[in-house]
Every structure is written in C-alpha cells, then in structure tokens.
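# Close look at the chain arrangement
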Amino acid sequence: MTHSPHSAYPDLDPSATGARGLCPRCGEGKLFKGLDVRENCSVCGLDFAFEDSGDGPVVFILLGLGFVILGGAVYLELTYGPPLWLHVLLWPPLVFGFGIPLLRATKGYLIAQQYKTDASSGRLAGKKDQR
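Conventions and cut-offs
- Residues numbered from 1 in each chain as written.
- Predicted model: local features only at pLDDT ≥ 70, side-chain atom pairs only at ≥ 80, totals over all residues.
- Heavy atoms only, no water.
- UniProt positions renumbered as here; feature names shortened; annotations may be inferred.
- Helix = DSSP H or I, 4+ residues; strand = E, 2+ residues; numbered from the N terminus.
- Phe/Tyr/Trp six-rings, centres within 6.5 Å; stacked < 30°, edge-to-face > 60°.
- Buried < 20%, exposed > 50% of the residue type's maximum accessible area, 1.4 Å probe, protein only.
- Contact = heavy atoms within 4.5 Å.
- 1 Å grid on protein atoms, 1.4 Å probe; cavity = no way out; pocket = protein on both sides within 12 Å on 5 of 7 lines; lining within 4 Å.
- Points joined across faces, edges and corners; volume = space filled by probe spheres on them.
- Expected span 1.5 Å × (residues − 1).

As named in an unreviewed UniProt entry, the chain is DUF983 domain-containing protein, taken from Pseudahrensia aquimaris.

### Things to note about the UniProt feature "transmembrane region" (unreviewed entry) in the chain
Feature annotation in UniProt assigns "transmembrane region" (unreviewed entry) to the following positions: residues 58–78 and 84–103. Within residues 58–78, the helical portion is 100% and the strand portion 0%, while the C-alpha atoms at the span's ends are 29 Å from each other. Note that residues 84–103 is 100% helix and 0% strand, and that its end C-alpha atoms are spaced 28 Å apart.

### Structural notes on the packing of aromatic side chains
If you walk through the whole model with that rule in mind, you get two aromatic pairs. Summarising the aromatic geometry, the rings of F48 and F50 are spaced 6.5 Å apart at their centres and angled 70 degrees between planes, so their arrangement reads as edge-to-face. For F48, a relative accessible area of 4% puts it in the buried group. The interplanar angle of 50 degrees and the centroid separation of 5.7 Å between the aromatic rings of F50 and Y115 together place this pair among those described as tilted. Of the two residues, F50 is situated in the loop between β2 (36–37) and α2 (56–80) and Y115 in helix α3 (residues 84–117); the sequence distance between them amounts to 65 residues. Overall, the relative accessible area of 26% leaves F50 in the partly exposed class.

### Let's talk about the side chain of T106
Positionally, T106 belongs in helix α3. Beyond its immediate chain neighbours, meaning those up to four positions away, T106 contacts P57, F60 and I61.

### Section: empty space enclosed by the protein
As enumerated under the stated definition, the model contains one cavity of 30 Å³ or more in all. Residue lining of the largest cavity: ten residues in total, with D11, L12, P24, Y115 and K116 positioned closest to the centre.

### Things to note about α2
Taking 1.5 Å per residue, 25 residues should reach 36 Å; α2 reaches 36 Å between its end C-alpha atoms and fits that length. Every buried residue belonging to α2 is among P57, I61, L65, I69, A73 and L76, and all of these are buried. Those residues of α2 hidden inside the fold are in contact with α3. Following α2 by one or two positions, G81 has its phi on the positive side, about 55 degrees.

Structural data, given as structure tokens:
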C-alpha cells in the first residue's frame, strides 16, 4: 500500500473522496458544511486552510449545465411551443437539482486533487511569499 507524502495515512483516490465530499487525507471526515468547506476534518483534524479551488468548479458547472439546460429549453420551445409558465416550472428545479450536487462533487474533487499533489500558489525560485 502506498502512502501520501503528507502523513502516515493511505494514499486515497481524489475521485472517490472528493466527489463524495470526504476528507482527502483520511477519507472519513466530511469536507463540506452545506456548500462551504469546513475549517478542518472532524476525524483526522486536517486543516482545510490549504483549499483554494477558486472559481474553477463554478465555471465548469455553469458552462456545462447552462449548455444542456439552455439546449433543452430551446428544443422544447421550438418543437412544442409550451406556455411560459411551463418553462418557469421546469428549468429552475433542474438547474438547482443538478447544479448543487455537481458543484459539490467537482469542488470536492479539485480540493482532493490539490491535497494529493500538494499544489499551492506559484512562486519564483528564491523569492519569499509576499502576502
């Protein structure tokens, strides 16, 4: 069994832990509290301060889901011409019903991948961090 360079914990697959919203180090603690990332893991104590997924997950989900939902709405309108109220009832629940779970899974995956690869802000060699 291989081990992560971070600790004596097993090397976990980011796809399995991140997509399910679990701690990238132990695979047991919860990563999220709602849509927000927790401060630390309740099981192994990993501090999630390293997390910097930025807008990546939102961009992926908004563009992909927007393309599919808008395509469906245009197809429905051009093919059947339903009343406006049907569009209002149909599309918002689909956006939220698919968007939030996909956002959590994508953000979790990117955080787990960031942990596994020990990714951080880029710096020039020999320069100190000027934060």
